[in-house]
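Inside the fold
Below are the chains, spelled out letter by letter.
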Amino acid sequence: MLTIGQLAATAGVTVRTVRHYHHFGLLPEPERDASGYRRYSAQAAVDLIRIRTLADTGVPLARIDALPHAQPTEFASAITDIDAELRRKIDQLTDYRRRIAELASGERLVLPPEVVAILDRMRGLGVSELRVRLERDSWILMQALDPHVMPQRIRDKNAGFDDPETTRLYLACDQSVDWDPHDPRVDRLIDDMDAWEIKHEHDSSQSGYLKLVTSRISEASPAWQRIIDALAHRAQRRRTAGHGRRTGLSEVAQ
């Protein structure tokens, strides 16, 4: 015969848990013996282990009462029903998590599905979450200040990610966020991006939203600040020479 402490240790639970199961009527509480102690049989230990196992797998205590001594077919049927209910709850919780994630990101609340798809595409390419947030903010600014350019910009952005060289430069910019501004890799990246900028003709004017985007990007990284400044300086020299171009990091990396 077992004391309540020995019974609890056998099942790997606390004495408080045993008493909790007594309270719910899941485990009968024996009468006290002549010495004033409650003694538990081996069957009680088996029942407690089964109760603990069912509880650990998520079976509600209200459903456990009828299971320990059920016939095999009844037990299997009850477990099937419980499993179906747990699956329903899991699906519901998964949906809640998805919706909470959407609310937390704020993307689907303020941006059209086509833009959200671009942000998801960036994540699929391995772009950092910092860069995705900056991209999201740029779209929010664009939608507020230059909404008429949104459709064309969406087409351009998807076309850019369809182009391996543009995607390579985008990822390189993303990776440079923590580089020292004077790292030789920054110089090579500036050269690559300048060559990209020369190759791709763009309107030389900067819209209000793009100026804000450039400022937002430069604030995030000293290396990005140097890249933007260097590209702006090179673009200015070309404009002076009569070859108008628009500044690059906010275009390649935006």
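The structure reproduced in this document is the subject of the present report. Please read all numbers here as calculations on a predicted model, not as lab measurements.

As a further point, take the packing of helix 10 (residues 164-175) against helix 11 (residues 184-199). Close contact between helix 10 and helix 11 brings their axes to 11 Å; oriented N to C, the two are set at 145°. When you trace helix 10 past helix 11, the crossing you get is left-handed. Residue-level contacts link Glu-165, Thr-166, Arg-168, Leu-169, Ala-172 and Cys-173 of helix 10 to Leu-189, Asp-192, Met-193 and Trp-196 of helix 11. Here the contact of helix 10 with helix 11 is composed, by residue class, of six nonpolar, one polar and three charged.

A separate point is the nonpolar core. Among the nonpolar cores identified, the biggest contains 20 residues, and Leu-7, Val-18, Leu-27 and Leu-48 are the most heavily contacted of them. Every element with two or more residues in this core is listed here: helix 1 (4-11), helix 2 (15-23), helix 3 (42-56) and helix 5 (72-105). A per-element tally of this core places helix 3 first, with five residues. Ignoring any residue separated from it by four or fewer positions in sequence, one finds Leu-48 in contact with Leu-7, Ala-8, Ala-11, Val-13, Val-18, Tyr-21 and Leu-27. Membership of the second largest hydrophobic core comes to 18 residues, among which are Trp-179, Val-186, Ile-190 and Ile-217.

Its place among the elements puts Glu-31 in the loop between helix 2 and helix 3. Among the residues examined, Glu-31 registers a relative accessible area of 68% and is labelled exposed. Leave out the neighbours within four places in its chain, and Glu-31 touches Tyr-37, Arg-38 and Arg-39.

What follows covers helix 7 (residues 113-125). The terminal C-alpha atoms of helix 7 lie 18 Å apart, and with 13 residues this matches the ideal 18 Å at 1.5 Å per residue to within 8%. Listed as buried for helix 7 are Val-115, Val-116, Ile-118, Leu-119 and Met-122. Seen end-on, helix 7 carries its buried residues on one side only, within an arc spanning 155°. Along helix 7, exposed side chains directed more than 90 degrees from the buried face belong to Pro-113 and Gly-124. Along its buried surface, helix 7 packs onto helix 6 (107-110), helix 8 (129-145), helix 9 (150-162) and helix 10. Phi for Gly-126, located one or two positions after helix 7, is positive at around 95°.

Glancing now at a nonpolar patch on the surface. Taken together, the side chains of Leu-93, Tyr-96 and Ile-100 make up a nonpolar region of the molecular surface, amounting to roughly 310 Å² of accessible area. The residue Ile-100 is located in helix 5 in this model. On the basis of relative accessible area, Ile-100 is assigned to the exposed category, the value being 57%.

Where helix 8 contacts helix 9, the axes come no closer than 11 Å and their chain directions differ by 155°. Here helix 8 is positioned roughly antiparallel relative to helix 9, judged by the angle of their axes. Regarding helix 8 and helix 9, the two cross each other, and that crossing is right-handed. Residues Glu-135, Trp-139, Met-142 and Gln-143 of helix 8 form the contact with helix 9, whose own contacting residues are Met-150, Arg-153, Ile-154 and Lys-157.

In this section: the packing of aromatic side chains. For any pair of aromatic rings, the description consists of the separation of the ring centres together with the inter-plane angle of the planes. According to the stated counting rule, one finds one aromatic pair in the structure shown. Between Phe-161 and Tyr-170 the ring centres are 5.2 Å apart and the planes differ by 65°, which places this aromatic pair in the edge-to-face class. Pair check on accessibility: Phe-161 and Tyr-170 agree, each one buried. When the ring centre of Trp-224 is taken as origin, the NZ or CZ atom of Arg-131, which lies over that ring, is 5.7 Å away. The residue whose ring lies beneath Arg-185 is Trp-179, and the NZ or CZ to ring-centre distance is 4.1 Å.

Below, the discussion takes up the side chain of His-22. As for its position among the elements, His-22 is in helix 2. A polar contact of 2.7 Å, which involves the side chain of His-22, links it to the backbone oxygen of Leu-27. If sequence neighbours within four positions are ignored, His-22 has contacts with Leu-27, Pro-28, Glu-29 and Tyr-40.

The next point concerns the pattern of salt bridges. Taken as a whole and judged by the stated rule, the model has 17 salt bridges. Arg-38 serves as the salt-bridge partner of Glu-29, at 3.0 Å between the closest nitrogen and oxygen. On the accessibility criterion, Arg-38 (24% relative accessible area) is partly exposed. Among the ionic pairs, Arg-234 bridges to Asp-191, the shortest N-O distance being 2.8 Å. Here Asp-191 lies in helix 11 and Arg-234 lies in helix 13 (residues 222-240), a separation of 43 residues in the sequence. Residue class for Arg-234 comes out partly exposed when judged on its relative accessible area of 22%. A cluster of three or more residues bridged by salt bridges with shared partners is formed by Asp-191, Asp-194, Arg-234 and Arg-238.

What counts, and at which threshold
- Residues numbered from 1 in each chain as written.
- Predicted model: local features only at pLDDT ≥ 70, side-chain atom pairs only at ≥ 80, totals over all residues.
- Heavy atoms only, no water.
- Axes fitted to C-alpha atoms, helices over the stretch in contact; angles between N-to-C directions.
- Helix = DSSP H or I, 4+ residues; strand = E, 2+ residues; numbered from the N terminus.
- Left-handed = near helix turned anticlockwise from the far one by under 90°.
- Contact = heavy atoms within 4.5 Å.
- Nonpolar A, V, L, I, M, F, W, Y, C, P; charged D, E, K, R; others polar.
- Core = buried A, V, L, I, M, F, W, Y, C linked by side-chain atoms within 4.5 Å.
- Buried < 20%, exposed > 50% of the residue type's maximum accessible area, 1.4 Å probe, protein only.
- Expected span 1.5 Å × (residues − 1).
- Arc of directions from axis to C-beta.
- Patch = residues over 30% accessible without salt bridge, like charges linked within 9 Å, V, L, I, M, F, W, Y side chains within 5 Å.
- Areas by Shrake-Rupley, 256 points an atom, 1.4 Å probe, with all protein chains shown as cover.
- Salt bridge = Lys/Arg side-chain N within 4 Å of Asp/Glu carboxyl O.
- Parallel < 35°, antiparallel > 145°, perpendicular 65-115°, else oblique.
- Phe/Tyr/Trp six-rings, centres within 6.5 Å; stacked < 30°, edge-to-face > 60°.
- Lys NZ or Arg CZ within 6 Å of the ring centre and 35° of its normal.
- Polar contact = N/O pair within 3.5 Å; in protein donor to acceptor, adjacent residues only side chain to side chain.

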